[in-house]
Amino acid sequence: MNPKYRRLKGTRDLLLEEVERWHWCEERWSEVLARYGYGEIRTPIIESTDLFLRSVGAGTDIVDKEMYTFDTKGGESLTLRPEMTASVVRAYLENGLTRQPGTMKFWYLGPMFRHDRPQAGRYRQFHQVGVEAIGSASPVLDAEVIQTAMALLEAVDADGAQVHVNSIGCPECRPAYLEDLREYLQANLAAIPEGMRERIDVNPLRLFDAKDEGVQALLASFKPITDALCDACREHYSVVTGTLQDLAVPFVEDSALVRGLDYYGRTTFEITARSGRKQSSLAGGGRYDRLVEQCGGPATPAVGFSIGVERVLLHLDDEPVDPQRSRQSPVDVYVACVDDEAARYGLAAADRLRGLCRVEVDTTGRSLKAQAKSANLRRARLLLVAGAEEMAAGTIQLKTLDTGQQEPVPCKALLAQVREELRG
RNA sequence: GUGGCUGUAGCUCAGUCGGCAGAGCCCCUGGUUGUGGUCCAGGUGGUCGUGGGUUCGAAUCCCAUCAGCCACCCCA
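One structure accompanies this document, and this report is about it. Residue positions are counted from 1 within each chain, in the order its sequence is given. Note on labels: chains are lettered from A, ligands numbered from 1, in written order. The predicted nature of this model means local features are confined to residues of pLDDT at least 70 and side-chain atom pairs, given and counted, to a pLDDT of 80 or more, with totals for whole chains, interfaces and linings taken over all residues. For side-chain calculations, the full set of non-hydrogen atoms in the structure is used, while hydrogens and water are omitted.

**As for the pattern of salt bridges**
- Each salt bridge in this description consists of a side-chain nitrogen of Lys or Arg and a carboxyl oxygen of Asp or Glu lying within 4 Å of one another. Throughout the structure, instances matching the rule amount to 17 salt bridges.
- We note a salt bridge from Arg-366 to Asp-362, for which the minimum N-O separation is 2.7 Å.
- Summary of the burial criterion: residues with accessible area below 20% of their type's maximum are buried, those above 50% are exposed, and those between are partly exposed, where the area comes from a 1.4 Å probe applied to protein chains only. Judged by its relative accessible area of 32%, Arg-366 falls in the partly exposed class.
- Judged by relative accessible area, Asp-362 falls into the buried class, the value being 2%.
- Ionic contacts of the salt-bridge type, sharing partners, join the residues Glu-47, Arg-90 and Glu-94 into one network.

What follows is the structure, encoded as structure tokens:
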């Protein structure tokens with residue numbers, strides 16, 4: 001087929017069995033998040049473009065080339081959210097939560113949009129489950145947040161995940177380090193591919209992300225940022241790692257770990273899948289103590305992360321599914337009807353059962369052979385058959401599909417009979 | 001934005017040297033008056049991604065284009 005309309009590049013249709021898989025994950029995640037003290041938040045998927053420009057930051061790939069941005073008729077610039085933190089901070093302020101006591105802990109799950117080139121585990125509309133904990137500067141919270149991320153992965157059996165942590169300092173200590181780093185890079189310009197040289201001025205830390213071997217080697221022989229932290233940041237970082245040890249959360253320190261977003265400071269972390277190549281980055285997060293203030297609120301420390309749902313699903317061992325059955329939703333009782341009049345009768349019978357179980361009434365008027373075949377495909381345990389004889393007698397045929405036994409049942413006794421059959 | 005691979009039936013895929021468009025599964029009908037899963041027989045279903053070119057003749061060769069997948073960049 002050559003359909004007239006196709007889905008947009010980088011988007012997906014999830015049907016039946018795959019949606020079931022998502023539900024399975026979502027149920028586990030909401031349970032875990034509640035246990036860690038988080039409440040759910042849902043915000044619009046469109047926001048003012050300015051929100052992302054100022055929070056995520058110009059000079060990041062997200063803002064520079066990946067946002068779905070459009071103008072309204074009124075000339076306002078809107079953007080489909082590329083990430084969630086900015087929206088949560090916006091909602092936190094807009095809903096007047098700054099004077100709530102304690103730490104506000106939100107979790108979310110929803111679609112994000114980035115205009116990337118799609119590939120395995122990467123889509124233009126993708127989904128993130130994540131948290132934002134607003135109101136505490138404690139490094140102990142950083143550790144708890146990292147543990148929460150790991151708990152979410154474990155809840156859906158995503159084994160073998162590896163935590164990487166780092167500290168990228170604060171406005172007190174980072175500028176000096178960046179200056180030293182720039183100087184070093186300028187002195188070794190030859191080792192840096194042309195396309196990456198821009199980053200030296202804009203954000204030299206991002207060169208740590210480069211996979212280019214020359215650049216890697218160059219940076220490996222430069223002092224790690226963790227050696228350049230101020231006393232406060234050093235102490236913060238040390239409590240984060242110490243608390244992770246208390247919690248028996250395994251981690252590796254990775255001074256090359258830099259998040260691509262502007263608002264992070266101090267703790268940054270990433271969780272990668274150890275198995276396979278593919279898209280190994282499952283989750284990313286960190287502390288953002290200045291963002292709330294930057295968005296017009298009072299100075300309020302915060303920390304959070306997000307997990308890529310499609311990434312996680314990609315790394316789960318998914319059992320192969322029957323391609324035919326995965327296109328038919330399961331049902332307990334299938335009602336075959338010889339014609340429309342019988343369907344009307346069958347629907348009345350189904351009505352008695354729907355408080356008990358899943359019932360499908362076949363209204364297609366196909367042969368009973370075809371209808372019974374569908375019952376099998378839908379994994380029904382019971383088949384009801386309605387036709388002229390049954391209507392005249394006030395009964396309906398009830399067939400148990402795994403034994404093949406069949407008998408007419410008075411409609412009044414149907415519910416009790418079906419309940420009995422399904423129990424067995 | 002850059003590169004590689006792939007586009008044939010609803011699905012998974014064959015298609016030789018350029019010579020009538022194929023298989024399996026699914027679906028439909030019959031074998032079984034109104035009954036599934038197994039079996040048998042028959043049947044429906046195709047702009048061969050799209051557009052051009054070469055040729056007596058193109059699914060096959062050439063060019064362009066679109067789409068999908070994968071990788072890079074970057075990220076989740």
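There is more to say after this.
**Some points on the protein's contact with RNA strand B**
- Any residue with a heavy atom lying within 4 Å of a molecule or strand is counted as near it. Neighbouring RNA strand B are 52 residues; Arg-114, Arg-122, Arg-199, Arg-311 and Leu-401 lie closest to it.
- Near the protein, within 4 Å, the atoms of RNA strand B are sugar or phosphate in 56% of cases.
- The contact in question runs from a sugar or linking oxygen of RNA strand B to an N or O atom on the side chain of Asn-376, over 3.0 Å.
- The numbering of helices and of strands both runs from the N terminus, where a helix is a DSSP run of H or I of at least 4 residues and a strand a run of E of at least 2. At the level of elements, α3 (61–66), β6 (125–134), β10 (281–287), α13 (368–377), β14 (382–386), α14 (388–393) and β15 (395–400) are the ones that each hand at least two residues to the surface near RNA strand B.
- Residue contributions to the surface near RNA strand B peak at 6 residues, all from α13.
- All residues other than Ala, Val, Leu, Ile, Met, Phe, Trp, Tyr, Cys, Pro, Asp, Glu, Lys and Arg, Gly among them, are scored as polar; the first ten of these are nonpolar and the last four charged. For the surface near RNA strand B, a count of residues per class yields 14 nonpolar, 15 polar and 23 charged. We define a polar contact as two N or O atoms separated by no more than 3.5 Å, with the added condition that, inside protein, one atom must be a possible hydrogen donor and the other a possible acceptor, whereas residues neighbouring each other in sequence contribute only through side-chain atom pairs.

**Some details on the sheet that holds β10**
- DSSP calls a pair of strands paired once it identifies at least 2 bridges connecting them. Spatially, the 8 strands line up as an open sheet ordered β1-β5-β6-β11-β10-β9-β7-β8, and their pairing is mixed. The strands lining the two open edges of the sheet, one partner per strand, are β1 (39–40) and β8 (251–253).
- Here β1 runs beside strand β5 (residues 104–113); their pairing, made up of 2 bridges, is parallel. Within the sheet, the bridge partner assigned to Glu-40 lies in β5 and is Trp-107.
- Along the sheet, helix α5 (residues 139–155) contacts β5, β6, β7 (161–167), β9 (267–273), β10 and β11 (302–308); its crossing angle with β11, the most-contacted strand, is approximately 15°. Contacts between residues were defined by any pair of non-hydrogen atoms, one from each residue, lying within 4.5 Å. With axes taken as lines fitted to C-alpha atoms, and helix axes fitted only over the stretch in contact, angles between N-to-C directions fall between 0 and 180 degrees.

**Observations concerning the packing of helix α12 (residues 340–353) against helix α15 (residues 414–423)**
- At a minimum axis separation of 9 Å, α12 and α15 run at an interaxial angle of 60°. Classified by the angle their axes make, α12 and α15 are oblique. Seen from above, α12 lies across α15 with right-handed handedness. Two secondary-structure elements touch here, α12 through Ala-349, Arg-352 and Leu-353 and α15 through Leu-414, Leu-415 and Val-418.
- Tallied by class, the residues present in the contact of α12 with α15 amount to 5 nonpolar, no polar and 1 charged. Any angle between 65 and 115 degrees counts as roughly perpendicular, while under 35 counts as roughly parallel, over 145 as roughly antiparallel, and the rest as oblique. Should the near helix be turned counterclockwise from the far one by less than a right angle, the crossing is left-handed, whereas a clockwise turn marks it as right-handed.

**Looking at unusual backbone geometry**
- Although it is not a glycine, Leu-16 adopts a positive phi angle of roughly 40°.
- Along the chain, Leu-16 falls in the segment before α1 (17–35).
- Assessed through its relative accessible area of 33%, Leu-16 is described here as partly exposed.

**Comments concerning the packing of α5 against helix α9 (residues 231–246)**
- The N-to-C vectors of α5 and α9 enclose an angle of 40°; their axes lie 8 Å apart at closest approach. Taken together, the axes of α5 and α9 are oblique relative to one another. Relative to α9, α5 is oriented so that their crossing is right-handed. Listed contacts from α9 to Pro-139, Val-140, Asp-142, Ala-143 and Ile-146 of α5 are His-236, Val-239, Val-240, Thr-243 and Leu-244.
- Within the contact of α5 with α9, the residues separate by chemical class into 7 nonpolar, 2 polar and 1 charged.

**Thoughts on the pairing of β6**
- For β6, a buried count of 9 out of 10 residues is recorded, marking the element as mostly surrounded by other parts of the structure.
- Across 10 bridges, the pairing between β5 and β6 is antiparallel. Bridged to Tyr-108 within β6 is Gly-130.
- Bridge count between β6 and β11: 7 bridges; the pairing is antiparallel. Along β11, the bridge assignment pairs Val-131 with Phe-305.

**Some remarks on the environment of Ala-161**
- Considering the arrangement of structural elements, one finds Ala-161 in strand β7.
- For Ala-161, a relative accessible area of 12% puts it in the buried group.
- Those residues in contact with Ala-161, other than ones at most four positions away along the chain, are Met-150, Leu-153, Ile-271, Thr-272 and Arg-274.

**What about α15?**
- Restricting attention to buried positions, one finds in α15 the residues Leu-414, Val-418 and Leu-422. Angularly, the buried residues of α15 cover 60° about the axis, an arc narrow enough to put them on a single face.
- For α15, the secondary structure elements touched by its buried residues are β12 (333–337), α12, β14, β15 and β16 (406–410). Working definition: the arc comes from the directions between the helix axis and the C-beta atoms, pointing outward to the latter.

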